[in-house]
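Structural features, examined
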Amino acid sequence: MIALTQQWLWDRRPIVDHVSVVHGDYRNGNFLFDEDSRQITAVLDWELTYLGDRHHDLAYAMMKGWGEYDSATGEFYCSALVTRDTMIAEYEKASGLSVDPERLDYYTVVNMYWAAVALIATGPRNSAERLTHLDAMQTFLAGLGAFYIDQLRSIVGK
Amino acid sequence: MVIPALDPNDSFAAEQAGLALACLDWVLDVHASEYPCERTEHADYRETLATLADLDPGAAGDVRALLDETYTPPADLAGLRDQGRRLKEAVAHSYRLLAGSPAASAAHRAVAETAARQAQRELAWCRLTGFPRGDLPNIADVLAEQGRRAVRASVGATP
């Protein structure tokens, strides 16, 4: 699946129309929130940051792995916070930049590829080599990697 | 397993202990299938590598040599895993070489079918983590079904 995904990404690599600061792990869990002021006060974990395409972070924050479905309506909430349509509309309004659905799909695959490698390979290896105190969690998260492998199958395995 | 008395206010320790217990349940679900799973992967990727080699008349001698070397899978788990890894790397390499060639579409089909079976195994293997969704079969049942498919394929029947 990894080889299929690499080829799929290479064949479809898009042009970056506007260079942005890409966080690389932009989701719930990586920001501090002040409940009194209802403001995000800091964004954490910048070690994956690079200059690239804004769709990378946008697609990442919309991934199924850290979102939630509303049990009453069945609607998906990106990072368990906001619907996809609302997120796109608010981003376009705040940034003045457009969101391209095709590039969003492309970077969703980029993110799933990265997540599969990190969760199935890097995480368990770090645990086995005792490089992390979160060894139990890193091992267990391989299951999320399997989830993304299956998601990739439905896209790159066609 | 002996779990130390944990401070009830230490949520991090409680979470880690819970994960350790969940990992043990997971091991119980898959441990007996570890060797059969490696055997299935060895056979699956060797078959795929042979298909890719047939699509590429100029397939390198080292691919042919690896196919010869892996004809009989090692009996020990470490040796089996080592060969399986090399077969996977060779499949990925051959697939990249065939991209853009007239055989690219056939190569994609072969690798995609292998990848779909791999995904099925990964989901079954990780079913107790709760991340793969739905009512998933256990890995032993998936391996048995994939074994039957391989037998049907080898005798030329419709899968």
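Parameters at a glance
- Residues numbered from 1 in each chain as written.
- Chains lettered and ligands numbered in written order.
- Predicted model: local features only at pLDDT ≥ 70, side-chain atom pairs only at ≥ 80, totals over all residues.
- Heavy atoms only, no water.
- Helix = DSSP H or I, 4+ residues; strand = E, 2+ residues; numbered from the N terminus.
- Buried < 20%, exposed > 50% of the residue type's maximum accessible area, 1.4 Å probe, protein only.
- Rg over C-alpha atoms; globule rule 2.2 N^0.38 Å.
- Contact = heavy atoms within 4.5 Å.
- Areas by Shrake-Rupley, 256 points an atom, 1.4 Å probe, with all protein chains shown as cover.
- Lys, Arg positive; Asp, Glu negative; His and termini not counted.
- Charge placed at Lys NZ, Arg CZ, Asp CG, Glu CD.
- Core = buried A, V, L, I, M, F, W, Y, C linked by side-chain atoms within 4.5 Å.
- Salt bridge = Lys/Arg side-chain N within 4 Å of Asp/Glu carboxyl O.
- Buried area = accessible area lost by both parts, 1.4 Å probe.
- Polar contact = N/O pair within 3.5 Å; in protein donor to acceptor, adjacent residues only side chain to side chain.
- Nonpolar A, V, L, I, M, F, W, Y, C, P; charged D, E, K, R; others polar.

1. As for the overall build of chain A
When you go through chain A residue by residue, the secondary structure sums to six helices and seven strands. In chain A, the succession of α and β elements from N to C terminus is α-β-β-β-β-α-β-β-β-α-α-α-α. C-alpha atoms of chain A, sized along the principal axes, occupy 45 × 45 × 35 Å. When each of the 158 residues of chain A is scored for burial, the buried share is 39%.

2. What to know about the overall build of chain B
When helices and strands are counted, chain B shows six helices and zero strands. When its helices and strands are written in sequence order, chain B yields α-α-α-α-α-α. The C-alpha radius of gyration of chain B comes to 20 Å, more than 25% above the 15 Å expected for a compact globule of 159 residues. Its C-alpha atoms give chain B principal-axis dimensions of about 65 × 35 × 30 Å. Counting only residues that meet the buried cut, chain B has 37% of its 159 residues in that class. Partitioning the intrachain contacts of chain B with sequence separation of at least 6 by distance along the chain shows that 62% fall at a separation of at least 24. With an accessible surface of roughly 8,900 Å², chain B has 57% of that area assigned to carbon and sulfur atoms. Taking the average place of the 16 positive charges on the side chains of chain B and the average place of its 23 negative ones, the gap between the two points comes to 7 Å.

3. Quick notes on the nonpolar core
Met1(A), Leu4(A), Tyr148(A) and Leu49(B) are the most contacted members of the largest nonpolar core, which has 53 residues in total. No other element matches the nine residues that helix α4 (residues 101–128) of chain A contributes to this core. Filtering out sequence-adjacent residues up to four positions away, Leu49(B) remains in contact with Val63(B), Leu66(B), Leu67(B), Leu87(B), Ala90(B), Val91(B) and Ser94(B). In terms of nonpolar packing, the next biggest core, distinct from the first, is built from 14 residues, Ala142(A), Cys37(B), Cys126(B) and Val142(B) among them.

4. Some remarks on the pattern of salt bridges
Two side chains of opposite charge can pair, provided their charged atoms sit close to one another. This structure, assessed with the given rule, holds 20 salt bridges over all chains. For Arg27(A), the salt bridge goes to Asp25(A), with nearest N and O atoms at 3.0 Å. Looking at Arg27(A), the relative accessible area reads 26%, which means it is partly exposed. Its relative accessible area of 8% is what places Asp25(A) among the buried residues. Between Arg121(B) and Glu41(B) there is a salt bridge, and its shortest N-O distance comes to 3.1 Å. You can see Arg121(B) sitting in helix α5 (residues 104–125) and its partner Glu41(B) sitting in helix α2 (residues 34–55), a full 80 residues away along the chain. The class for Glu41(B) is buried, based on a relative accessible area of 8%.

5. Overview of the interface of chain B and chain A
Many authors give the size of an interface as the accessible area that is lost as the parts come together. Chain B puts 25 residues into the contact, and the matching count from chain A is 26 residues. Interface area, chain B with chain A, both sides summed: about 2,100 Å², of which 75% is carbon and sulfur. Here chain B is connected to chain A by two residue pairs in polar contact (both at pLDDT 80 or more). If you list the elements that add at least two residues to the side of chain B that touches chain A, you get α1 (11–30), α4 (77–98) and α5 of chain B. For the side of chain B that touches chain A, the element with the highest residue contribution is α5(B), accounting for eight residues. Of the residues in the side of chain B that touches chain A, the class split is 19 nonpolar, three polar and three charged.

6. Quick word on the side chain of Ser79(A)
Residues and elements named next belong to chain A. Mapping Ser-79 onto the fold places it in the loop between β6 (76–78) and β7 (82–83). The exposure class assigned to Ser-79 is buried, which follows from its relative accessible area of 6%. Within the structure, the side chain of Ser-79 is placed 3.0 Å from the backbone oxygen of Ala-61, a separation counted as a polar contact. Not counting residues within four places of it along the chain, the set of residues in contact with Ser-79 comprises Arg-27, Asn-28, Ala-61, Trp-66 and Gly-67.

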